[in-house]
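In case you want the letters, here they are:
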Amino acid sequence: SKSKQDILRLLKSDEYISGQSMANQLGISRTSVWKSIKALKAEGYQITSVPNKGHRLIAPPGYINQTALEVLVEHSEVFGHIEYLQTVDSTQNIAFKMLDIYDSAFVVVSEEQTKGRGRFNRDWASPKQRGLYISLVLRPDVPLTDIIRFNLFISLAISRSIDETFNLPSGIKWPNDIYINNKKVCGFLTEVVSEGNAVNAVVCGIGINIFKDAALSSLPKATSIEAEMAEGESLDTDVFIKTLFKNLEHYYDLFLKHSFTAIRDEWKAKSIIFDKYLKISETGDSYMARALDINEDGFLEVVDENGRLRKVISADIEL
Ligand code: BTX
């Protein structure tokens with residue numbers, strides 16, 4: 001709720017703050033202050049309350065916080081609504097069902113997915129409260145062919161957010177993954193509702209592994225942010241989601257206004273597929289190749305073992 005969000009903001013200052021002072025500042029009753037503090041504690045916020053001094057936030061919850069996400073969306077210039085859920089089959093499915101309810105952009109987040117999906121209907125492991133599972137619903141007025149370009153902007157937004165928050169060297173594995181130290185920490189999937197060549201809605205599902213989990217250990221090429229961080233470093237999910245939203249909105253805005261040229265150098269610098277031999281699988285075809293460049297339209301230019309130049313639109317790539 002609104003007062004819960006305001007109280008969280010006040011509790012984040014370094015000083016103790018009394019219930020009465022919060023009530024006065026926010027123009028609400030002490031009872032509702034107390035109720036909000038209780039609710040925040042239930043969400044996992046560690047708040048100390050000392051008589052005659054007041055309350056203070058000691059630590060954020062061990063998982064992404066609902067209230068913090070709601071605050072972000074409330075201040076967002078892009079998203080108008082957030083649907084925060086405990087468990088769903090797939091946030092993509094929920095987002096599609098909600099397309100008729102909201103005209104504007106919105107997000108669907110769930111703490112767990114029982115049938116999280118990747119590309120080509122592959123599974124996306126989504127253990128409870130271990131990762132961020134989010135679907136962004138956007139309504140850009142662009143032709144269908146621009147979706148390849150959309151993915152390039154989004155990948156940069158995610159990768160930069162990981163670097164900025166955790167100081168980790170993440171890289172983009174074209175077309176749909178983010179890697180750290182040769183392991184997949186994030187995958188995203190862009191699905192579209194279109195009429196002819198016009199995009200009606202983009203539903204971009206992003207899965208980011210944040211905490212270590214047994215479900216990830218069983219996937220040979222998967223990792224999490226926690227697993228890649230130095231021992232003893234603290235992992236602040238509030239800072240991460242804030243940075244992520246800032247970058248998603250920034251790069252989405254760039255996508256609407258500019259061609260790929262605007263970010264091409266930056267994107268190439270973060271890409272991990274150049275100067276390597278890759279196994280490329282396109283529908284019904286699989287070959288070894290070396291990536292040379294990415295062109296203005298977002299097509300990958302590769303040279304295969306027979307020296308033939310090829311353009312790849314979308315494929316599976318093995319490093
Ligand atoms: P993808 O098809 O590139 O990746 C799926 C493959 O990656 C799987 O076949 C498996 O080998 C591996 N994998 C599965 N789970 C994980 C994981 N948690 N971490 C690393 N590797 C994994 C990429 O598809 C797109 C994934 C999008 C997921 C988001 S979550 C929110 C939204 N809702 C939903 O159902 N999907 C999206």
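Residues numbered from 1 in each chain as written. Predicted model: local features only at pLDDT ≥ 70, side-chain atom pairs only at ≥ 80, totals over all residues. Heavy atoms only, no water.

Regarding helix H6 (residues 147-166)
The criterion, for reference: Strands here are runs of E lasting at least two residues and helices are runs of H or I lasting at least four, both read from the DSSP assignment and numbered beginning at the N terminus. Helix span, expected: 1.5 Å multiplied by one less than the number of residues in the helix. Each residue is assigned to one of three classes by its accessible area relative to the maximum for its type, calculated with a 1.4 Å probe on protein chains only: buried under 20%, partly exposed between the two thresholds, exposed over 50%.
With 20 residues, H6 ought to run about 28 Å at 1.5 Å a step, and its terminal C-alpha atoms sit 29 Å apart, in line with that. Burial runs high along H6: 15 of the 20 residues are buried. Downstream of H6 by one or two residues, Asn167 has phi in the positive range, about 55 degrees.

Things to note about the site of the ligand
What counts here: Nearness here has a simple test: a residue counts as near a molecule or strand if at least one of its heavy atoms is within 4 Å of that partner. By the criterion applied in these results, polar contacts are pairs of N or O atoms within 3.5 Å in which, for protein atoms, one can donate a hydrogen and the other can accept it, and in which residues neighboring in sequence qualify only through two side-chain atoms. Using a 1.4 Å probe, accessible areas were evaluated by the Shrake-Rupley method; residue-level cover was limited to the displayed protein chains. Here the nonpolar group is Ala, Val, Leu, Ile, Met, Phe, Trp, Tyr, Cys and Pro; Asp, Glu, Lys and Arg are the charged ones; every other residue, Gly included, is treated as polar.
Ser90, Gln113, Arg117, Arg122 and Asn209 are the nearest of the 25 residues found near the ligand. Here an oxygen atom of the ligand sits 2.7 Å away from a polar atom, N or O, in the side chain of Ser90. In isolation the ligand offers 780 Å² of accessible surface; the protein chains occlude 90% of this area. With 4 residues, the single largest contributor to the shell around the ligand is strand S9 (residues 198-209). Classifying every residue of the shell around the ligand by side-chain character gives 8 nonpolar, 11 polar and 6 charged.

Quick notes on the sheet that holds strand S13 (residues 309-312)
The following threshold applies: Think of it this way: DSSP has to see at least two bridges between two strands before they count as a pair. Here, axes are lines fitted to C-alpha atoms. For helices the fit covers the stretch in contact, and angles between N-to-C directions go from 0 to 180 degrees.
Read from one edge to the other, the open sheet built from 5 strands follows the order S13-S12-S11-S10-S14, with strand pairing classed as antiparallel. The open sheet has two edge strands with one neighbour each: S13 and strand S14 (316-318). Across the sheet, the axes of successive neighbouring strands diverge by a mean angle of 45 degrees, strand direction being ignored. Relative to strand S12 (residues 300-304), strand S11 (residues 285-294) runs antiparallel, the two sharing 5 bridges. By the bridge assignment for S12, Ala289 is matched with Asp304.

What about the pairing of strand S8 (residues 183-195)?
On any regular strand, side chains alternate: one points to one face of the sheet, the next to the other face. Sheet analysis places strand S7 (residues 177-180) next to S8, joined by 4 bridges and oriented antiparallel. Bridge pairing in S8 links Tyr179 to Lys184. Judged from the 10 bridges that link them, S8 and S9 form a sheet pairing that is antiparallel. Bridge pairing in S9 links Ser194 to Val199. The antiparallel hairpin formed by S8 and S9 contains 2 residues in its connecting segment, where Gly196 sits at a positive phi of about 60 degrees.

Here we look at the nonpolar core
Basically, it comes down to this: Residue types Ala, Val, Leu, Ile, Met, Phe, Trp, Tyr and Cys, when buried and joined through side-chain atoms within 4.5 Å, form a set referred to as a nonpolar core.
Formed by 82 residues in total, the largest nonpolar core has its most connected members in Ile158, Ile162, Ile206, Ile208 and Leu300. For this core, the element with the most residues is H6, which contributes 10 residues. Residues Val88, Ala95, Leu99 and Val203 belong to the second largest nonpolar core, which totals 10 residues.

Examining the packing of aromatic side chains
For any two aromatic rings, the description comes down to two numbers: the centre-to-centre distance and the angle of the planes. Convention followed: Ring pairs are drawn from Phe, Tyr and Trp, using the six-membered ring of Trp, whenever the two centres fall within 6.5 Å, and their geometry is named by plane angle: stacked under 30 degrees, edge-to-face over 60, tilted for the rest.
All chains considered together, the criterion is met by 8 aromatic pairs. On the numbers, 5.4 Å between centres and 50 degrees between planes, the contact of Tyr102 with Phe106 is tilted. Residue class for Phe106 comes out buried when judged on its relative accessible area of 0%. Measuring from centroid to centroid gives 5.8 Å for Phe153 and Phe255, while their planes differ by 70 degrees, and the two rings are edge-to-face. Placement of the pair is Phe153 in helix H6 and Phe255 in helix H9 (residues 237-257), with a sequence separation of 102 residues.

Focus on the domain arrangement of the chain
Stated precisely, the cut-off is as follows: Where each domain starts and ends follows an automatic or database-derived domain assignment. Only heavy atoms matter for contacts: two residues are in contact if any of them lie within 4.5 Å across the pair. Reported buried area values correspond to the accessible surface (1.4 Å probe) lost by two parts on association, with both partners' losses combined. The working definition used for a salt bridge is a side-chain nitrogen of Lys or Arg within 4 Å of a carboxyl oxygen of Asp or Glu.
Split into domains, the chain comes out as domain 1 (2-59), domain 2 (66-269) and domain 3 (273-318). Of note, the centres of domain 1 and domain 2, computed from C-alpha atoms alone, are 31 Å apart. Every contact between the two is made by 8 residues of domain 1 and, on the other side, 6 residues of domain 2. A combined buried area of about 550 Å² lies between domain 1 and domain 2, and 43% of that area is made up of carbon and sulfur atoms. On the domain 1 side of the interface with domain 2, the three residues burying the most area are Gln5, Glu43 and Tyr45, jointly 65% of the side's total. The tally of links from domain 1 across to domain 2 stands at 1 salt bridge. Where domain 1 touches domain 2, the interface holds 2 residue pairs in polar contact (both at pLDDT 80 or more). Per element, the largest residue contribution to the side of domain 1 that touches domain 2 is 4 residues, and it comes from helix H1 (residues 2-11). For the side of domain 1 that touches domain 2, the per-class residue count stands at 3 nonpolar, 1 polar and 4 charged.

A closer look at the pairing of strand S10 (residues 277-282)
One ladder, built from 6 bridges, connects S10 with S11; its direction is antiparallel. For Glu282, the partnering residue across the bridge sits in S11 and is Asp285. Of the strand pairs in this sheet, S10 and S14 are connected by 3 bridges, and their pairing is antiparallel. Along S14, the bridge assignment pairs Ile280 with Ile317.

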